[in-house]
Amino acid sequence: MRQFKVVLSILLVIAFLAACAPAATQAPPPAGGSSEVTDTPEASAPEGFDWRRFEGEEITLLLNEHPWLDGLREVGIDKFEEKTGIKVNLQPFAEDLYWDKMEMAVRSETPVADVFFYSMDGAGFSQYKAGKLTPLTPLIEDPTMTSDDYDFEDFPEGFLDSAIYDDGNLYAIPATFEAYIVFYNKQLVDEYLDGQLPQTMDEMIADAQSISEQSGGQVSGAVVRGVRSLGVIDLMVGFVTNTWGPEEAPLPYNMFFNDDWNAPRANDPRICEGLEDYAELMKAGPINIQAMDWYDAMTLFNQGRAAFFVDASLFGPSLEADNVLPDNVGYMTLPVTDRTADAGSITTHWMWGLGIPANSTKQGPAWYFIQWATSPEIEPLIGTKTGGAARLSTWSNETYSSSLNPEYVEAVNTAMETSRPAAIFYDGDAQIALPIIDAVHAIYGGTEASVACENLQQELQNLIP
């Protein structure tokens, strides 16, 4: 999950870099990333693509302990080493440590890692603005560096948009995504709603609040993340996207700004309606919902104490494995709103990708690893652990789809077709995200939605001098 941690002390930075930095005599590429392939054994580039081109090289992977890494381990890094002759050093960290380690590695003056788990949101954009990333577009477009069967077109355009910035280059390949969907407890839906699922967002809110009332608070009609944390914003933006409707809202501004940082539109009725929907669903949750993050919300649902749980699709495989009531989890896309009734609901996604730090001196071998790990051959195998494969073709791959609940596959595949990035590419996006979260909390606390949105509009207007 997306989490933002404070930067560690200078002593920790020094200790980490001293421990992790590989010996290297080559100077790192210039800031901003280099499109030149470094560390090439041959004096000149080969005529065609060759998986053994970088045989004998060694790269370091900096990864988060995540189901994607579990899948990679199950496939076996040795398969990549055998295929390419490139040795791989793996440096995994628990997620609460990973964010600091990753930031230090990417921003180090000396090489620390060659491939890293890349946050495809405002964090990645900030690294790009600091000139700390390698552009992948030149590598993808080079026939000597990218295999003919890589099938780059297989990635949804909306996924790639999450790592294409104002210079037009792509900086990460999607590795695993999470779209925001609805999980529901079949037994509770049968008990309290006579087995009838809500067809619209208004109906889901009313149903959730009814369940809470009928159960006397013993069962929460719904549970979502309610904590004031940057990790909540992507889910909230998913609700706003669903009330925004089919009109485009391109990055970097997304829906909250009208093609200019000086033109916020938080008081647009479509945005305000989405924020209000989220707050109303919070009201159907437990009394401590403002202290609940994703883990708390998922735990409550997994214990059979919430009828609806709206969050990241990648929780599906975990719920299937751990649910105390086997075969009791149902899946559906966000219910439609007035503006999506004809075309179907629209949600957002958040993704981990694979990127290359600009300070890496092994950009060629690093790209070979990324290419292999996200290939049509390997992605379905890794993806069985995440339920979030980023290639369209993987969802029809028998190895992948047969490992997942068919209802889950249908819901996520449907969400994937219309999903949009939740990101706002503003350097310092917390200044935008936290006021949005505060507006939702204000509505939850009883402030009229229109008033909360006007207050949010004023805060965003004051953001830009």
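One numbering rule holds for all chains: residues counted from 1, following each sequence as written. It should be noted that, the model being predicted, local features are given only for residues of pLDDT at least 70 and side-chain atom pairs only at 80 or more, the latter also being counted only at that level, while totals for whole chains, interfaces and linings use all residues. Note that the side-chain values use all heavy atoms of the structure and ignore hydrogens as well as water.

1. Remarks on the overall build of the protein chain
Convention followed: Helix and strand assignments follow DSSP, with helices taken as H or I runs no shorter than four residues and strands as E runs no shorter than two, numbered in order from the N terminus. Relative accessibility under 20% of the residue-type maximum defines a buried residue, over 50% an exposed one, and the middle range a partly exposed one, all with a 1.4 Å probe and only protein chains included. Every residue pair with non-hydrogen atoms within 4.5 Å of one another is taken to be in contact. A 1.4 Å probe and the Shrake-Rupley method give the accessible areas. Residues count as covered only by the protein chains that appear here.
Looking only at helices and strands, one finds 19 helices and nine strands in the protein chain. Taken across its 465 residues, the protein chain has 60% of its residues classed as buried. Pairs at least 24 residues apart make up 78% of the contacts formed inside the protein chain by residues separated by at least 6 positions. Of the roughly 18,100 Å² of accessible surface on the protein chain, 48% is carried by carbon and sulfur atoms.

2. Examining helix H3 (residues 77–84)
Heads up, the rule is: Directions pointing from the helix axis toward each C-beta atom define the arc.
Residues of H3 that are buried include every one of Ile77, Phe80 and Thr84, and no others. Seen from one end, H3 has its buried residues packed into an arc of 55°, which puts them on one side.

3. Points about helix H12 (residues 294–302)
Since the α-helix packs 3.6 residues into each turn, any two residues three or four apart lie on the same face. Among the residues of H12, those classed as buried are Ala297, Met298, Leu300, Phe301 and Asn302. Residue Gly304 follows H12 closely and has a positive phi angle near 75°.

4. Quick look at the pattern of salt bridges
Just so we agree on the cut-off: Note on definitions: salt bridges are taken to be side-chain nitrogens of Lys or Arg within 4 Å of carboxyl oxygens of Asp or Glu.
On inspection of all chains with the given rule, the structure shows 14 salt bridges. Put simply, Asp311 and Arg225 hold a salt bridge, and the shortest N to O gap is 2.7 Å. With Asp311 in strand S6 (residues 306–312) and Arg225 in the loop between strand S5 (220–223) and helix H10 (233–244), this residue pair connects regions lying 86 residues apart in the sequence. Classification of Asp311 as buried rests on a relative accessible area of 0%. Its relative accessible area of 2% is what places Arg225 among the buried residues. Salt-bridge contacts for Asp438 lead to Arg228; the nearest nitrogen and oxygen are separated by 2.6 Å. With Asp438 in helix H18 (residues 430–444) and Arg228 in the loop between S5 and H10, this residue pair connects regions lying 210 residues apart in the sequence. According to the relative accessible area criterion, Asp438 is partly exposed, its value standing at 27%.

5. Some thoughts on the confidence of the model for the protein chain
Operational definition: Each residue carries a pLDDT score, the predictor's confidence in it, ranging from 0 to 100.
Averaged over all residues, the pLDDT of the protein chain equals 89, while 89% of them reach at least 70. A low-confidence stretch, residues 1–45 stays under pLDDT 50, and its non-local contacts, those more than four residues away or across chains, total 101 contacts.

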